[in-house]
Amino acid sequence: MALNGGRPASGFWSEAGQLVSAVSRAMAVTLRNLFRKPVTIQYPDVQRPYPDRFRGILALVYEKDTGEEACIGCRLCEYVCPPQVIKVEMRKAGKRNYAKTFTLELYACEFCELCVQVCPTDAIVMLKSFDLAAADRRDLLLDKERLHALGLQFEPSWATGNRLRDMQAPPKPARTEAKADAKGEAKEPAE
Ligand code: SF4
Ligand code: SF4
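These numbers were taken from a predicted model, which means no experiment stands behind them.

Participant: Just to check I follow, could you spell out the site of ligand 2 for this structure?
Facilitator: Lining the immediate environment of ligand 2, one finds 14 residues, of which Cys-71, Cys-74, Cys-77, Cys-119 and Ile-124 sit closest. Taken together, the residues that form the shell around ligand 2 break down as 11 nonpolar, 2 polar and 1 charged.

Below is the structure:
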């Protein structure tokens with residue numbers, strides 16, 4: 001039997017064939033993808049639109065009709081927040097109350113959205129952006145001014161407290177059933 005460095009020649013040619021075949025297949029994949037449109041983008045110079053239901057960083061908003069701060073300082077968001085990252089102080093005023101101070105430690109937020117769900121005035125919202133990277137976690141301790149500025153900077157998500165609570169309400173009875181109930185018609189038992 002012919003030997004090549006102590007190994008049978010047939011083993012050498014078989015391994016060389018496998019190597020050439022593997023390199024050819026890899027090069028074929030490379031060539032196929034060389035002319036494809038890339039799926040990546042040059043973020044942050046190019047940004048993809050977020051879906052409507054995207055929920056990102058949190059913010060406070062102003063009322064659309066009056067331009068006043070929507071937050072009434074009720075502290076419901078503070079009570080419901082599982083990691084307790086929200087702190088609110090209420091300022092009492094004549095017609096309505098306001099938040100005297102409002103802080104949110106975004107670095108410890110779980111993005112569970114409970115604060116948004118309980119807010120009676122839709123004052124706290126999630127935004128269609130996650131663009132808040134920081135090298136120092138103290139930059140992610142957001143005060144009232146910064147939360148309002150974020151609310152003006154980015155588009156809010158579709159979800160607000162009132163919309164989410166409406167979705168969780170028990171379903172209304174079908175119209176025909178409701179009419180029959182109102183007339184006091186008894187349903188005949190099925191045979
Ligand atoms: S999203 Fe959840 S964890 Fe984050 S602030 Fe709101 S309630 Fe707290
Ligand atoms: S953000 Fe909403 S739930 Fe939180 S204190 Fe303000 S009004 Fe109350």
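Participant: Honestly, the site of ligand 1 in this entry has me stumped. Any pointers?
Facilitator: As a matter of local geometry, ligand 1 sits amid 15 residues, with Cys-81, Cys-109, Glu-110, Cys-112 and Cys-115 nearest to it. Its residues placed into classes, the shell around ligand 1 shows 13 nonpolar, no polar and 2 charged.

Participant: How do you make sense of helix α1 (residues 9-34) when you look at a structure like this?
Facilitator: For the α-helix, the turn length of 3.6 residues means that residues three or four positions removed from each other point alike. Taking 1.5 Å per residue as the helical rise, α1 with its 26 residues ought to reach 38 Å, and the 37 Å between its terminal C-alpha atoms agrees with that figure. Counting buried residues along α1, only 0 of its 26 residues qualify, which leaves the element largely exposed.

Participant: Help me understand the environment of Asp-122, please; the structure alone is not making it clear to me.
Facilitator: By secondary structure assignment, the location of Asp-122 is in the loop between α3 (114-118) and β6 (124-126). On the basis of neighbour counts, which here come to 19 C-beta atoms within 10 Å, the residue Asp-122 falls in the partly exposed class. Separated by 59 residues in the primary sequence, Asp-122 and Glu-63 have C-alpha atoms spaced 9.0 Å apart. The contacts of Asp-122, once residues within four sequence positions are left out, are Ala-70, Thr-160, Gly-161 and Asn-162.

Participant: Any chance you could explain the sheet that holds strand β7 (residues 141-142) here in plain terms?
Facilitator: Ordered in space as β4-β5-β7, the 3 strands form an open sheet in which the pairing is antiparallel. Of all the strands in the sheet, just β4 (86-91) and β7 have a single pairing partner and so form its edges. Here β4 runs beside strand β5 (residues 98-105); their pairing, made up of 6 bridges, is antiparallel. Paired with Arg-91 across the strands is Tyr-98, a residue of β5. The strands that helix α4 (residues 144-153) touches are β5 and β7; relative to β5, the one it contacts most, it runs at about 80°.

Participant: What's the story with the environment of Lys-87 in this structure? I'm lost.
Facilitator: If you trace the backbone, Lys-87 turns up in strand β4. Contact partners of Lys-87, with chain neighbours within four places excluded, come to Glu-78 and Thr-103.

Participant: Would you mind showing me how to read unusual backbone geometry here?
Facilitator: The bulk of non-glycine residues show a negative phi, and the bulk of peptide bonds are trans. With an omega of 5°, the peptide bond between Tyr-43 and Pro-44 qualifies as cis. Within the secondary structure layout, Pro-44 lies in the loop between α1 and β3 (58-60). One non-glycine residue, Arg-75, adopts positive backbone phi at about 75°. If you trace the backbone, Arg-75 turns up in the loop between β3 and α2 (76-80).

About the criteria used
- Residues numbered from 1 in each chain as written.
- Chains lettered and ligands numbered in written order.
- Predicted model: local features only at pLDDT ≥ 70, side-chain atom pairs only at ≥ 80, totals over all residues.
- Near = placed C-beta within 6 Å.
- Nonpolar A, V, L, I, M, F, W, Y, C, P; charged D, E, K, R; others polar.
- Helix = DSSP H or I, 4+ residues; strand = E, 2+ residues; numbered from the N terminus.
- Expected span 1.5 Å × (residues − 1).
- Buried ≥ 20, exposed ≤ 12 C-beta atoms within 10 Å, placed from the backbone.
- Contact = placed C-beta atoms within 7 Å.
- Pairing = 2+ DSSP bridges.
- Axes fitted to C-alpha atoms, helices over the stretch in contact; angles between N-to-C directions.

Everything listed here is a matter of coordinates, which is why it stays silent on function.
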